Amino acid sequence: MLIAIPDVLDADAVSRVRTLIDAAEWIDGNATSGTQSALAKRNAQLPEDSAAAIEAGRIVLDALGRSALFVAAALPLKVFPPLFNRYAGGQAFGTHVDTAVRVRRGSDFRIRADLSATLFLEDPENYGGGELIVEGTFGEQSVKLPAGHMILYPASSLHRVAPVTRGTRTASFFWAQSMVRDHGARHILFDLDQGVQTVAAAQGQGDPATVRLTGVYHNLLRRWADV
Ligand code: NI
C-alpha cells in the first residue's frame, strides 16, 4: 500500500531545507548502495555525515514527529536519519528493492527497513520525468508530489525512479522500522485508526462506540506491536 502524506514540510521548512542542502557538497549516489543497487543507480547524494544533511535531516525528523498521519500509517519504532538526493540530465534509478537492514556508518544504529519514504523537495512542474514508480499487487503506481509532500511504500516492493529529462529532482529519502512488521496487519490498524477518527468526529470522544473502537485499536496494537 502506498500512502501519500501531504504537507509534511510547509513552504518555509522546504525552503530552509533547500537552502542548507543546495549549498552543500554532493557526491555520487552510489555511496550508500548495495552492489545490486549500484548497477541501477545514477544520481547525486549528500554524504550521510555532512553537516547540511544532519541539520536538514533534523528538520525532516521534527516534522515527521508532528505528522499524525505518518505516525498512524508507519507506527514507527525507528527512523533512519533522512538522506538527500538529486537527479538531473537523464539520471535515473532502475528497478530495485531496498536493502533490508540499514546500518548508520560509524555508529551502532541499525534498522530493519519495513517502509521506504520519499519526501519531495522540488515542485513537479520544475522538472521533467523523475516519477517514483512502485510495483504492487495492483500494478505499477507512479508518484510525483508537490514539494513538502511525502510518499510511504513497503520497502519490500520493486521500485524505480524514471529518468529526469529536464530540471532537477531533489528529494529526501529514508526508511522506517515499524512497531508492526507485517504490512497487512499495519494496514488494518491504519484503516481502523482512520475509521475511529471519523466516528469520534461524528459522535464525540466520549461516545461509547468511540471508546469501544479505540479499545479494539489499542488491543490489536498490543497484540501485534514489537517495541
Ligand atoms: Ni529504493
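For every chain, the first residue of the written sequence is number 1, and numbering continues from 1 along that sequence. Confidence filtering applies because this is a predicted model: local features only for residues at pLDDT of at least 70, side-chain atom pairs given and counted only at 80 or more, and all residues used for totals across whole chains, interfaces and linings. Excluding hydrogens and water, the side-chain values take into account all heavy atoms of the structure.

Draft legend 1. Representation of the packing of helix H1 (residues 11-22) against helix H3 (residues 51-66) within the structure. Think of each axis as a best-fit line through the C-alpha atoms, taken over the contacting stretch in the case of a helix, with angles from 0 to 180 degrees between the N-to-C directions. Each helix corresponds to a stretch of at least 4 residues labelled H or I by DSSP, and each strand to a stretch of at least 2 residues labelled E; elements are numbered beginning at the N terminus. Relative orientation of the contacting elements H1 and H3 amounts to 170°, with a least axis distance of 9 Å. The angle between the axes of H1 and H3 places the two elements in the roughly antiparallel class. Mapping the contact onto sequence places Ala13, Arg16, Val17, Leu20 and Ile21 in H1 and Ala52, Glu55, Ala56 and Ile59 in H3. Of the residues assigned to the contact of H1 with H3, the class counts are seven nonpolar, no polar and two charged. Just so you know how the angles are binned, under 35 degrees is roughly parallel, over 145 roughly antiparallel, 65 to 115 roughly perpendicular, and the rest oblique. Note on definitions: a residue-residue contact is assigned when non-hydrogen atoms from the two residues lie within 4.5 Å. Gly counts as polar in this scheme, as do all residues outside two lists: the nonpolar Ala, Val, Leu, Ile, Met, Phe, Trp, Tyr, Cys and Pro, and the charged Asp, Glu, Lys and Arg.

Draft legend 2. Seen up close, unusual backbone geometry. Phi at Asp7 is positive, roughly 50°, even though this residue is not glycine. By the secondary structure assignment, Asp7 is in the loop between strand E1 (3-5) and H1. The phi dihedral of Leu75 falls on the positive side, at around 40°, and the residue is not glycine. Of note, Leu75 is situated in the loop between helix H4 (68-74) and strand E4 (76-79). Given the relative accessible area of 5%, Leu75 is considered buried. The rule is simple: take the accessible area with a 1.4 Å probe, protein chains only, and divide by the maximum for that residue type; under 20% is buried, over 50% is exposed, in between is partly exposed.

Draft legend 3. Structural view of the pattern of salt bridges. Basic side-chain nitrogens of Lys or Arg form a salt bridge, by our definition, when they fall within 4 Å of a carboxyl oxygen of Asp or Glu. Scanning the entire structure with this criterion turns up seven salt bridges. Note that Glu48 and Arg105 form a salt bridge whose closest N and O atoms lie 3.9 Å from each other. Taken together, the residues span a long stretch of sequence, with Glu48 in the loop between strand E3 (44-45) and H3 and Arg105 in the loop between strand E7 (101-103) and strand E8 (110-112) at a distance of 57 residues. Judged by relative accessible area, which is 57%, Arg105 ranks as exposed. Salt bridges here are not isolated pairs; linked through shared partners, they connect Arg18, Asp22 and Glu122.

Draft legend 4. Structural context of the coordination of the nickel ion. Think of the donor list as every N, O and S atom within 2.8 Å of the metal, or within 3.2 Å for Na, K and Ca; water never makes the list, so a site can look incomplete. Coordination sphere of the nickel ion, protein contribution only: His96 (NE2), Asp98 (OD) and His159 (NE2), at 2.1 Å. Going along the chain, you hit the donors of the nickel ion in the pattern H-x1-D-x60-H. With His96 in strand E6 (residues 93-96) and His159 in strand E14 (residues 159-161), this pair connects stretches of sequence that are 63 residues apart. You can call His96 buried: its relative accessible area is 5%. Since its relative accessible area comes to 3%, His159 is described here as buried.

None of this, on its own, says anything about what the molecule does.
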